[in-house]
Amino acid sequence: MPKILTSNIVAALIVCFSSMSFAAEVDYRLPKSYAVTEQSIDLTLDPASDGFTGSTILKLTVHEPVDRIGLHWVGLDVVPPQLTNSDGKVRTLKFESGDYEMWWLGDGNVIAPGQYSLDITFNGDYSRDALGLYKTTFAGRDYLFTQYEQTLARRATPMVDEPDSKIPWQLTITAPEGLKVASNTPVESESKSGNLIKRVFKQTPPMPSYLLAFAVGDFDVTPIDGLSVPGVIYSPKGTGADTGFAVSVTPPILRALEKYFGSDLPYEKLDFVAVPDFSFGAMENVGLVTYRTELLLRGDTASGSAAVNTVNTIAHELAHMWYGNLVTMEWWDDLWLNEAFATWMASKIVDQMYPQYESNLQLPQASAFGADAVAQSRPIRKEVKTDEDVLDGFGLNYSKGHAILNMLEQSMGDAEFQRAIQTYMDKHKWSNTRASDLWAALATETPVPVNVIADSFLELAGFPLITFGEDGVVSQTRFHNPGAELPEQRWQIPVGTRHRDRDTGNVVESVFALSDQSVVLPEYSKAEWILPAAGGNGYYVWHTGDQRYKALLENLGELSNREKAAVLANSNQLLQGDIIGIDQHLQLLGGLLAEDNMTLALSAVNGLRGIAGMYFQSDLQPQLKAYITRALTPWYERLGTQTRADDSDSARDLRPRVLRTLAEFGDKPELVAEMSKLADKYLTQPESVNPRLGHEALRIAALFNGDEAMAKRYIAAYRETNNSNLRSNLAFAMYFGDRTAMNTVLKSLAQGDIQSGDVSLVIMGLFYASPDQRVLYEAFDGYFDILAAKIPEFYRPTMPAYTSASCNSENVALREAFYAGRDSSMLTQLRKSQESTQNCIDTAERGYPAMAEFLGGS
């Protein structure tokens, strides 16, 4: 058991910390003077057409006299609604637009308290940006899908499109005969009229509008046997045979989740849909979970990162059936309640069920620190008025929230945390909650004030830097990038440590609370080395002084693999913060490369790639190439260039990255030719090449040999293949720096040859492949407005992030000039991206002397 250094950790953490509170009656939310209690929707849909017609009936309860009723809709043609009271009296309402996509309905007279029915007829066009109710084409067939989170259901139907309006829904869809139609619930009845089939779906249990879903098209249907409820996978025609891996892993994942929650899946069925044009990775719609096609269409087997991505995504979405669906956040300011818990739960399930993937070595804080360190970062719990507010720091809901939950669970204990979660779910099922409801449930199982800990991390931007002084003084300050002027903050931090006592030689495990700016803990003054991230957890960075940090790096063998991963995540941030030198960081990378664990080695290879990106265009390039070649040759010789039958999952991930890094940044020109041949084979016979290896081969071929002919070949393969993994890999591999090739790709994007959900991936590839981006920006400028319109609307404000400046000051200036005067919604992301890139440039400049010395002596 860990030693408790602070005599009263509970008392130390119970400090005054005021939680944020947002009033319910605000202008960006509809008033509570009335409520929709249930809604039916009747749609006529045909994928061969450009639009749809529909009608809806909303059952209303008016609590107090009002002169108007507010609903949401966007882009619909609406006939004046009919309001009918309980006596059958009908009133025709006029409507006018308001802020926040609200429409206000009324006839100039008061609407008295009582029960009403509101009938609305409407029509609209299908979206083509993979959001709302949208149309897409795959292998010559048209399909209709929905993506309603966050606030996109209003594109298809007038409604109260807010998460705390959690009501039963009744959906009816009329579609051409011969097409399959699926929705959240099973079909209750069918009728035929001419060549049209009308399907009435069973009423849903209470749920928010963003979880409504349906799909229409010519699908293959594959059963998922072994679930506690019926389930199938709908996939585009001709792809059903590729669902084997997803079919095999889903039942055990669901059983593990049901066991953790202590309850069966709370819905009547569990269907999946493989969606060929998707703006997200997946979506947890009740009873009809949608996924990017490659996640479900791996074939009968999958390995390495491909397998991890599939099992982790399935576990994440199924965890949402409880976190988010059964119990829903009241408002978008608590979106982290959905996403952090589903991410944390998925990680827990995958670690338990599939230890061979070593996904526990992918630490959430490692992916969160960089985004959370910038001056423009905002708390993950913040006031949310619009989708832009949701998007600002969107990924931190997942990564930072996951890291915080790891910390809370470690503070409470696994069993106590699980019991509290079961209590929380049982008490609040079918309803909405706020963070305070969760804290109340956790408090039933622990004296640790988890609300105080969590609120400090959720409601403050950034994260703490904990410093261990030689005299035993442990202090906290806000981490910031050099030159950034940020207000100081104070967190309530449970710190788990391991350290070696200098006198006894024993390794001691300890826990203490850091609630003040500093605390004196004499035990640490006698430490030879300190690891302030015991178990690999903790949403903070730390430094223990140069000598003790050096000793820690020399004693990595004393740490678990997860703790080694935590040291690497910490080192990345210390380097960015100018707290350690690049030589210390490279020492750590070298130590991890010398480890036998391939997952850690992969992280080290990616770390080397980051260093290479800083200096490859400098006069250090020859020495850098020689160093990377020496550093990676042992793994190259051990792994070879071909997939082997006895490969571990981690070997199938490490090999492609080693080969690409040697080809791109090392001194092995023969690898470029070999990987280019492999890319050609992958394009013609995708089933014969490991998809991860094929992916990196496509990138190397494009980087070194990418001309107009190759660009056209990649685009044609993307359009024509039915292999979802190849298609996805091509979208991620458009690494063309040649002027004619990049123009070919940009023209193809503008023509719609690339699905909306993949457009940003292709843009990112072009900018990665262009160290000097002047020519690219000249071409990009002519296509920008068209391409911005093709990217899913939700993501358009993040356009500056797709146009990476590659740690290059000239590119920073080009990006600044390019976005000047453009859509103001892009400004926040521009500022974040510019700061991150400038920090990379500054880190490279500061580290240049040490890097030159290191390379000269390596």
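Description of the structure in this document. (Residues numbered from 1 in each chain as written. Predicted model: local features only at pLDDT ≥ 70, side-chain atom pairs only at ≥ 80, totals over all residues. Heavy atoms only, no water.)

Scanning the chain for helices and strands turns up 27 helices and 31 strands. Taken along its principal axes, the extent of the C-alpha atoms in the chain is 85 × 70 × 55 Å. For the chain, the residues scored as buried account for 61% of the 858 residues in total. At a minimum sequence separation of 6, the contacts of the chain that also span at least 24 residues come to 72%. (Helix = DSSP H or I, 4+ residues; strand = E, 2+ residues; numbered from the N terminus. Buried < 20%, exposed > 50% of the residue type's maximum accessible area, 1.4 Å probe, protein only. Contact = heavy atoms within 4.5 Å.)

Within the secondary structure layout, leucine 575 lies in helix H13 (residues 561–576). With a relative accessible area of 5%, leucine 575 lands in the buried category. It is 7.4 Å that separates the C-alpha atoms of leucine 575 and threonine 843, two residues lying 268 residues apart in sequence. Apart from residues no more than four positions distant in its own chain, leucine 575 is found in contact with Ile580, Gly581, Ile582, His585, Ile611, Met614, Thr843 and Arg846.

Regular strands show a simple pattern: their side chains alternate between the two faces of the sheet. By the bridge criterion, five bridges tie strand E25 (residues 464–468) to strand E26 (residues 473–478) in an arrangement that is antiparallel. The residue bridging proline 464 from the neighbouring strand is arginine 478, located in E26. Counting the residues that bridge the hairpin from E25 to E26 gives four residues, and of these glycine 472 lies at a positive phi of roughly 90°. In this structure, E26 lies alongside strand E29 (residues 518–520), joined through three bridges in antiparallel fashion. Note on E29: the bridge partner recorded for valine 473 is valine 520. (Pairing = 2+ DSSP bridges.)

Whenever strands of a sheet pair, they do so through backbone hydrogen bonds, lying parallel or antiparallel. Read from one edge of the open sheet, five strands run E18-E19-E20-E22-E21, paired in mixed fashion. At either margin of the open sheet sits one strand with a lone partner, and together these are strand E18 (219–223) and strand E21 (282–283). Across two bridges, the pairing between strand E19 (residues 232–236) and strand E20 (residues 271–275) is parallel. Pairing of isoleucine 233 across the sheet is with phenylalanine 272, part of E20.

Here the focus is the pattern of salt bridges. Applying the stated criterion to the full structure yields 51 salt bridges. One salt bridge connects arginine 292 with glutamate 294, and the closest N-O pair in it is separated by 2.7 Å. For arginine 292, a relative accessible area of 13% gives the class buried. For glutamate 294, a relative accessible area of 10% gives the class buried. Ionic pairing is found between lysine 668 and glutamate 670, a salt bridge with its closest N-O pair at 3.9 Å. (Salt bridge = Lys/Arg side-chain N within 4 Å of Asp/Glu carboxyl O.)

We now examine helix H24 (residues 774–790). Along its 17 residues, H24 runs 23 Å from first to last C-alpha, staying within 8% of the 24 Å computed at 1.5 Å per residue. Residues of H24 that are buried include every one of Leu776, Tyr777, Ala779, Phe780, Phe784, Leu787 and Ala788, and no others. Those residues of H24 hidden inside the fold are in contact with helix H22 (739–751), helix H23 (759–768), helix H25 (799–802) and helix H26 (809–819). (Expected span 1.5 Å × (residues − 1).)

This part takes up helix H8 (residues 396–412). With 17 residues, H8 should reach 24 Å at 1.5 Å per residue; the first-to-last C-alpha distance of 23 Å fits that figure. Among the 17 residues of H8, 14 are classified as buried, and the element is accordingly described as predominantly covered.

In spatial order, the strands read E4-E9-E8; together these three strands make up an open sheet with antiparallel pairing. Where the open sheet ends on each side, the last strands, each with one partner, are strand E4 (69–72) and strand E8 (94–97). Taking the axes of each pair of neighbouring strands and ignoring which way they run, one obtains an average angle of 30° across the sheet. (Axes fitted to C-alpha atoms, helices over the stretch in contact; angles between N-to-C directions.)

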